Amino acid sequence: MTSSSPRGRPRRTASHISVRVAHAALGGTVGVVWLVLPGMTTISGPPVAIAHPAPATSTAAQPREDETSPTDLLLPLVAVGAAGLLAGYGYLRHTRRTRTRTPPTAEPPAPPAGTAPAPPAAEPRPAPTLLPPRPYTPTPDELDRQARAALVEADDCVRTSREELHFVRELHGPQPVEPFARALREAEGELAAAFALRQRYDEGLPQEEDSARRHTLAGITGRCAEAGRVLDAHAAALDELRALDTDPAAALGVAEARFRALAARTGDAQATLTALGERYAHSALAPVVGYVEMAKDRLVTATTRLNEARQAADRGESGHAAARLRSGEAAVAHAEVFVTAVERLARELAAARSMLPAALTGAEAELAAARRATPVDIPPGELRSRAAHADAVLTSVRLELTGGRPYDPLAQLRRIVRALAPVATGRAGVLPAAGRLTAGSAVAGADGFVATHLGVVGAEARTRLAAATASLRSDALPGLVAADALATAARDHAEQDVRVHGPPLEPEPLSYGGPATRRRRETTA
């Protein structure tokens, strides 16, 4: 099939020119051969005598045999002239066509032998109109990961800043530290709002279209960024107040004094834990299992880092001394969390044990009042079912207390509070007090665990802990029960993260500040 594209035209033009040139060459060759042929056929040697019969005519009447007739030259000349006219006509026609048309594009080289010929080029198309690039829109999963990472980073920044601020306040007093404490409170407020948004998001709110949930995730990330910005803005001023890069001796003395006091408390915590194990059930000590040993490990780390800081300060290496000092302060702070958890648990167990009889009496009064009351919000059958369940729980607790075996006072008090929460009317003030004790113990335990495992605990445990802390401000029994449940869930998630990722490594030299400044001591460590 003959192509109709302009690329075929040069091939036909070249063919016509070659044909014309061939015609002219052929005509010239014919003419030259015609002129030369008579001379080539004339015999130039001496004539050979051949005997012929004598002709009847005389010798004078015969012409000479070597003479050429003019008619023999006429035909070659005509052929040469015709060929010249044809060549001239072809040249003039080619010149006229070349002047009156647009030169075609160059023909691409022929493909190698054995390959398929390239398809004819498509007709040229107008250039498309270029639109400005669209901004990249993250997917919901990407936004969710960004929000989780932002929550973890912001929570780490707030906790690290609070930790260092305790050492600064102990050295300089509350007045110089107030601007930094105010910035820390502002960052804590932004972080609390971000955790509240995350808790609502995990609960399925908002339930509107995808854009509303995207907006919620963007709000979480934005509030975390604002919390970090506030802390970053005050990091340089705090460094100027501490003057660790010029004279770390004073701050080093405070850390060493706190270390010595904590070493004495660790020994007492070991004795306290032994006594608790003899008085209560093993489940009562579960929240602080291994805490004394971990406190001792942190104190060993603190000893090493504080000694290195002292040696670096004596050599005049203030930057190196400041980095080692911050690592030592972090180790001391973690050890204090472990020791304080043991001491707090001992107080809470004693308070729960003394509160149990009053809680049982108050629960029985609440249960009797609930049975006499006319239900408003729930069906009568549901109320009777809840009352029967509460009565069974109270009976079980009484048997546990009078069984003569070690028991867990906090666990028994928690059972009473949770059983009476659906039917309590709030007339017995002992139940809210019992609910605050159990919820406060759970929240403090989860918070200490997260604080000492910052490198591995994820956003879910921190979100539940923040929600439990917010619910702890409630005075109503249902709110306190919710705080207790959320804190228990937070502790479970945190322990699961530690089992998956392993325990954290040695405390890093992190400082007061946000994401941009909290690692400024690592370069000199």
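First, a word on scope: everything that follows refers to the structure included in this document. (Residues numbered from 1 in each chain as written. Predicted model: local features only at pLDDT ≥ 70, side-chain atom pairs only at ≥ 80, totals over all residues. Heavy atoms only, no water.)

## Examining the overall build of the chain
Across its full length, the chain carries 13 helices and zero strands. Put simply, the chain runs from its N terminus to its C terminus through helices and strands in the order α-α-α-α-α-α-α-α-α-α-α-α-α. When the 525 residues of the chain are sorted by exposure, 37% land in the buried category. In the chain, the share of contacts with a sequence separation of at least 24, taken over all contacts with a separation of at least 6, comes to 81%. By element, 60% of the accessible surface of the chain is carried by carbon and sulfur atoms, the whole surface being about 30,100 Å². (Helix = DSSP H or I, 4+ residues; strand = E, 2+ residues; numbered from the N terminus. Buried < 20%, exposed > 50% of the residue type's maximum accessible area, 1.4 Å probe, protein only. Contact = heavy atoms within 4.5 Å. Areas by Shrake-Rupley, 256 points an atom, 1.4 Å probe, with all protein chains shown as cover.)

## A closer look at the side chain of Arg242
Along the chain, Arg242 turns up in helix α5 (residues 210–242). For Arg242, a relative accessible area of 6% corresponds to the buried category. Sequence-distant contacts of Arg242, that is, excluding residues within four places in its chain, are made with Glu164, Phe167, Val168, His172, Asp247, Ala251, Arg326 and Glu329.

## Remarks on unusual backbone geometry
What you tend to see is this: most non-glycine residues have negative phi, and most peptide bonds are trans. Within the chain, Ala243 stands out as a residue other than glycine whose phi angle is a positive 55°. Overall, the relative accessible area of 25% leaves Ala243 in the partly exposed class.

## Here's the deal with the packing of helix α6 (residues 249–279) against helix α8 (residues 318–372)
Interhelical geometry of α6 versus α8 gives an angle of 30° and a closest axis separation of 9 Å. Relative to α8, the element α6 is oriented roughly parallel. In terms of crossing hand, the pair formed by α6 and α8 is left-handed. Along the lines of polarity and charge, the residues of the contact of α6 with α8 split into 15 nonpolar, three polar and seven charged. (Axes fitted to C-alpha atoms, helices over the stretch in contact; angles between N-to-C directions. Parallel < 35°, antiparallel > 145°, perpendicular 65-115°, else oblique. Left-handed = near helix turned anticlockwise from the far one by under 90°. Nonpolar A, V, L, I, M, F, W, Y, C, P; charged D, E, K, R; others polar.)

## Considerations on the environment of Leu367
Relative to the elements of secondary structure, Leu367 occurs in helix α8. Judged by relative accessible area, which is 4%, Leu367 ranks as buried. Leu367 sits 57 residues away from Ala424 along the chain, and the two C-alpha atoms are 6.9 Å apart. Once residues lying within four places of it in the same chain are set aside, the contact partners of Leu367 are Ala387, Ala390, Asp391, Leu394, Leu420 and Val423.

## Brief notes about the pattern of salt bridges
With the rule as written, the count across this model stands at 38 salt bridges. Across the pair Arg462 and Asp156 runs a salt bridge, and its minimum N-O distance is 2.8 Å. Here Arg462, found in helix α12 (residues 459–471), pairs with Asp156, found in helix α3 (residues 140–172); they are 306 residues apart in sequence, far enough to count as distant. The closest approach of N and O atoms between Glu308 and Arg324, which form a salt bridge, is 3.4 Å. In this pair, Glu308 sits in helix α7 (residues 291–314) while Arg324 sits in helix α8, placing the two residues 16 residues apart along the sequence. We classify Glu308 as partly exposed; its relative accessible area is 26%. Three or more residues are tied together by salt bridges with common partners; here these are Asp144, Arg148, Arg198, Asp202, Glu460 and Arg464. (Salt bridge = Lys/Arg side-chain N within 4 Å of Asp/Glu carboxyl O.)

## Some thoughts on the packing of aromatic side chains
Describing an aromatic ring pair means giving the distance of the ring centres and the angle of the ring planes. As enumerated under the stated definition, the model contains two aromatic pairs in all. When the centroid spacing of 6.1 Å and the interplanar angle of 85° are considered together, the rings of Phe180 and Tyr512 count as edge-to-face. Of this pair, Phe180 sits in helix α4 (residues 174–202) while Tyr512 sits in the segment after α13 (477–501), placing them 332 residues apart in sequence. With respect to class, Phe180 is no different from Tyr512; both count as buried. Between Tyr291 and Phe338, the aromatic rings sit 5.0 Å apart at their centres with planes inclined by 65°, giving edge-to-face as the arrangement. One end of the pair, Tyr291, is in helix α7; the other, Phe338, is in helix α8, with 47 residues separating them in the sequence. Assigned by exposure class, Tyr291 and Phe338 land together as buried. (Phe/Tyr/Trp six-rings, centres within 6.5 Å; stacked < 30°, edge-to-face > 60°.)

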